[in-house]
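Descriptive structure summary
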Amino acid sequence: MATTAVGQPLSRVDARRKVTGTATYSAEHRIEGLLYGVIVNGTVARGTVSRISVDAALAHPGVLRVLTDFGKLQLAHPVDRLAFYGQPIAVVVAETLEAATHGASLVEATYERQDAVTDFDDPDIPSQTPEDEPDYSRGDPVGALASAQVKVDLELTSARENHNPIELPSTIARWQDGRLTLWDKTQWSQGAARTVAGALGIAVTDVRVHNEFLGGGFGSGIQTYDHVVLAAFAAREVNRPVKVVLTRRQFYYGTGFRPASRHRMALGSTAAGRVSALVYEVRIENARYRTYTDGLTDLPKFLYGVPNTSTAYRITPIDVHSPASMRGPGVVLGNFALETAMDQLAHELSVAPVELRLRNEPTQDEVSQLPFSTRKLRECYEAGARRFGWSRRRAEPGSRTDGDLLIGMGMATASYHNNRRDSSARARIHADGTAEVFAASADMGPGTTTSVMQVAADALGLPASAVTFRLGDSSYPTAPLHAAACTMASVGSAAHTTCNALKAEFIRRAVADPNSPLHGANPADVQVRDGQLETSGARDTYRDILRRAGLPSLDITGNWGPGDADSRISTYGYGAVFAEVSVDPLLGLVRVRRIFAAYDVGRVISPKLAHSQAIGGMVGGIGMALLEGTVTDHRDGRIVNASLADYLVPVNADVLDLDAAFINTEDPQADPIGVKGLGEITIVGVAPAIGNAVFNATGKRLTDLPIRPEALL
């Protein structure tokens, strides 16, 4: 049967609720008897609290409790000492937010300070090799690099970044009969339930988490941080519901961040442009109390067919809060190093940047030695170059101008692993012919509520308007974290599988029912469209089948998982990103004039939402390339620019002409709906494409992110 919902550019089903303010976010739920909690943060990066005075806070009108003893909580960091600046040392609970906020300002603490290091470039701090990121090597990279005819050897850096969604971390906690309900801004409701249960020492079955609406996340809501646990702890202590919302400044201390990084990327090539050697070394900042790693070395050892390759990943533990995943985690920085070096190599060889990449296309995944499920990267280059007008690029840096401005074009490859994880769904058809699908997923903005509905509608043979996808509740069937670009492939596949099973059950009932017009028909011959089952001119409906059975509804719960697919195929998404910039040589200001990208991300379920995802990733990439950087005062670990007034993010004036297209392809070997993840890949190639465009405009190879005006003066 031809699909009727998948592939259609539908608007978000929750759009009206969001733009009219009727969508209820975590902090907006009206809970009877609600109190307000405000966290008091420590002001040293390492040490202990020797004394804490709460009398003035307790004397303030409206303040009910000041909680300072967290000794029985199991948190990610130590509770008996301070491991980072901003670590919670107290929670003030009051009748109003104003009273709690002022009460928190009255709490006084003195500290036993210890020497702290918050600068991961401190030469006295040794680096470590994390257990889950061992050194990798194939061939003889050192020898091949030494003997290469052409060499590029770059040192690159990136600043720490904070996620900065508009909705701040917020939690409401309520206890009833020993069971905890949380309304929390989380990208993983079931993960949050497990973390809070473990922290409080209760059964996970006694925790229920609601997260229907999220105002952005970018990875900041994957982990469950102190404020969530402390809200639950405070609510239990005062025996009333408690709301905790971090301020923007507290957000910088209370959640993770994209860690700062240092890179060496060396490439060796033949004079004909065949890359023979790649040596990649990278180091990122880490917390002392917890190891964090991500996929920094993934693309350097995978993306091109380089026979002699080595990667080395190091972490430097210092006295800071632990880093966390941020959109395109790890991969976006490893790819910045790789694609910057590839552009420099193309310049050294006098080979067109796209041509150099085509000359080094692999025939299989050289890390796993597995065949690609699909790899339409060549088509991405061709479509992107054509739509962008790449042929107008001048190879000589600084040769194109527009008045006093220098104009440059750059490009970069993008890729991201196609993550799929075990997931479940429950599908239900009601007596009125409408359907609901349930899964404990989340939707922080990509439109999951809409796209899974489209998949379910086609699987059930119903119009999209008759199907609702329910998410945002940890009591629903199991779903993975809403991150790592795995939601559509995982939850969508579970919905597809379950809805097909429910449709098959209706068909089975119809052909077995003597009162059905389909009685005795071959189930394989029955088609379903608009809720109507049909074969050879005979028709039945979901409504009539339920009516005859005397049932108000019928539902099925099903599961899907990738199984052993990753042991048989290498499945990635791919993209080619093209950027044009202007550079004012007198002021050093870079402006992105336009970006166009072409992607191979398998089957596109919802073109309108996919395009929106691509634009959002590009905006994030502009921020990474030109604006974003968290600044630390290394005397005490304080974040200097912990506000949207001082931490720069792209605004409308920075986003002029962004566009994307998708290669018409599917990946049926990866999952039953043929999709690849889209959310992460859209940021991956943007920063190097912009940096390469700046080089084309100015002849200056800038290797530090963000690119600052002073570097161009």
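Please refer to the structure higher up on the page.
Residues numbered from 1 in each chain as written. Predicted model: local features only at pLDDT ≥ 70, side-chain atom pairs only at ≥ 80, totals over all residues. Heavy atoms only, no water.

Our focus in this paragraph is helix α12 (residues 448–460). The first and last C-alpha atoms of α12 sit 18 Å apart over 13 residues, in line with the 18 Å expected at 1.5 Å per residue. For α12, the tally of buried residues reaches 13 of 13 residues, placing the bulk of the element in the interior. Positive phi shows up at Gly461, right after α12, with a value of about 70 degrees. (Helix = DSSP H or I, 4+ residues; strand = E, 2+ residues; numbered from the N terminus. Expected span 1.5 Å × (residues − 1). Buried < 20%, exposed > 50% of the residue type's maximum accessible area, 1.4 Å probe, protein only.)

This next bit is on the pattern of salt bridges. Scanning all chains against the criterion turns up 38 salt bridges. Between Arg357 and Glu339 there is a salt bridge, and its shortest N-O distance comes to 2.8 Å. Within this pair, whereas Arg357 is found in helix α10 (residues 353–359), its partner Glu339 is found in helix α9 (residues 331–349), the two being separated by 18 residues in sequence. The same class applies to Arg357 as to Glu339, namely buried. For Asp566, the salt bridge identified is with Arg420, shortest N-O distance 3.0 Å. Taken together, the residues span a long stretch of sequence, with Asp566 in the loop between β23 (553–560) and β24 (572–584) and Arg420 in the loop between β16 (405–417) and β17 (423–430) at a distance of 146 residues. Residue Asp566 is classed as partly exposed on the basis of its relative accessible area of 36%. (Salt bridge = Lys/Arg side-chain N within 4 Å of Asp/Glu carboxyl O.)

The alternating pattern of strand β19 (residues 467–470) places Val467 and Phe469 on a buried face, while none of Thr468 and Arg470, on the opposite face, is buried. Running through α12, the crossover from strand β18 (residues 435–438) to the neighbouring parallel element β19 is right-handed. (Right-handed = clockwise from strand over helix to strand, strands pointing away.)

Where helix α5 (residues 189–200) contacts helix α6 (residues 226–238), the two axes come as close as 10 Å, and the packing angle between them is 55 degrees. Taken together, the axis directions place α5 and α6 in an arrangement best described as oblique. Considering the relative orientation of α5 and α6, their crossing is right-handed. Packed against α5, whose contacting residues are Val196, Ala199 and Leu200, the element α6 presents Val228, Val229, Ala232, Phe233 and Arg236 at the interface. (Axes fitted to C-alpha atoms, helices over the stretch in contact; angles between N-to-C directions. Parallel < 35°, antiparallel > 145°, perpendicular 65-115°, else oblique. Left-handed = near helix turned anticlockwise from the far one by under 90°. Contact = heavy atoms within 4.5 Å.)

Such coordinate-based values are descriptive only and should not be taken to indicate function.
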